[in-house]
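# An overview of the molecular structure
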Amino acid sequence: MSVLPPINAERVADYIARRLRWYILEYAGKEAGVVGVSGGVDSAVTAYLTVRALGPERVYCYVLPSEATPKEDVEDAMEVIRRLGIPDDHWELIPIDDIVRTFDRALGEMGRVERGNVKARVRMIILHQRAYRHNALVVGTGDKSELLLGYFTKYGDGGVDVLPIGGLYKTHVRQLARYLGVPERIVTKPPSPRLWPGQTAEGELGVSYDIIDSILYCRFERWLPEEEIARVLGVPRGVVERILTMVKRTQHKRLPPEVFHIGYGDLGSDWRYPRQWF
């Protein structure tokens, strides 16, 4: 059961495109945007919005597959690039496995999650290197659901310059995707970081995004208590508690590193309680 009201997709797309253009060209004084296109709905919507904001001649797209990336993801990523009219010299397909194996040789054989985090960070290194080359910003593809849950790799896919869809729940990203004309098979594809074979976001999280988004919306838009959220959605309170615990425990991912400020007065006794916003 989803309780999220629909967005006005036309107004949202126009707002994001106008703000993204201002942020990149005027505020940051850069010339272009760099987008990692994975074949998933978030990166597709981000690419569509970045082209709407800047035009295809100011957008650089990179497809960065690994051995865990299904063939159809690469095909879908290339279809997005084709549909957006990205110039031939503004996109690249760069497999990352050789780079990751270099880390294996240098650091020793890594476990699945270790290697997955390295993959995410290797991709971000490539995007930032290319962004420097093109005097561009790295346009992130994370949505509000993933940001709140901390379902991203710190300094990996979280290490971006701007997050244009970071204010949209996954449910609304899919709605916006259909408005923008993203291919339907991308819109309906199960979300996955593709850091290892068979990985899916909902499989790892143990609950569908329809329920996740509804819990997050009820808590952070309507500010309902946990027991009321469980009653409204008809889900066990334990599910609500688990999702909101993820938000609390991943706060460090959403903030700059904690700085231990030292003043001249009493240092106080509240040092155990870092910045909170929920």
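In this report, we go over the structure that sits alongside the text. (Residues numbered from 1 in each chain as written. Predicted model: local features only at pLDDT ≥ 70, side-chain atom pairs only at ≥ 80, totals over all residues. Heavy atoms only, no water.)

### Side note on the packing of aromatic side chains
One pass over the full model with this rule turns up 4 aromatic pairs. With centroids separated by 5.0 Å and ring planes inclined at 35°, the aromatic side chains of Y23 and Y27 adopt a geometry described as tilted. Taken as a pair, Y23 and Y27 lie in helix α1 (residues 9–27) at a separation of 4 residues, close to a single helical turn. You can call Y27 exposed: its relative accessible area is 55%. An aromatic cluster of at least three residues, connected via ring pairs, comprises W22, Y23 and Y27. The lysine or arginine in question, K170, covers the ring of Y209, its NZ or CZ lying 5.1 Å from the ring centre. The ring of F152 has K253 sitting right over it, with the charged end atom 5.1 Å from the ring centre. (Phe/Tyr/Trp six-rings, centres within 6.5 Å; stacked < 30°, edge-to-face > 60°. Helix = DSSP H or I, 4+ residues; strand = E, 2+ residues; numbered from the N terminus. Buried < 20%, exposed > 50% of the residue type's maximum accessible area, 1.4 Å probe, protein only. Lys NZ or Arg CZ within 6 Å of the ring centre and 35° of its normal.)

### As for the pairing of strand β1 (residues 32–36)
With 5 of 5 residues buried, β1 is to be regarded as a mostly interior element. Bridging between β1 and strand β4 (residues 136–138) involves 3 bridges; their strand directions are parallel. Residue pairing in the sheet places A32 in a bridge with A136 of β4. Relative to strand β2 (residues 59–63), β1 is paired through 4 bridges, and the arrangement is parallel. Bridge pairing in β2 places G33 opposite V59. Crossover handedness for the path β1 to helix α2 (residues 41–54) to β2: right-handed. (Pairing = 2+ DSSP bridges. Right-handed = clockwise from strand over helix to strand, strands pointing away.)

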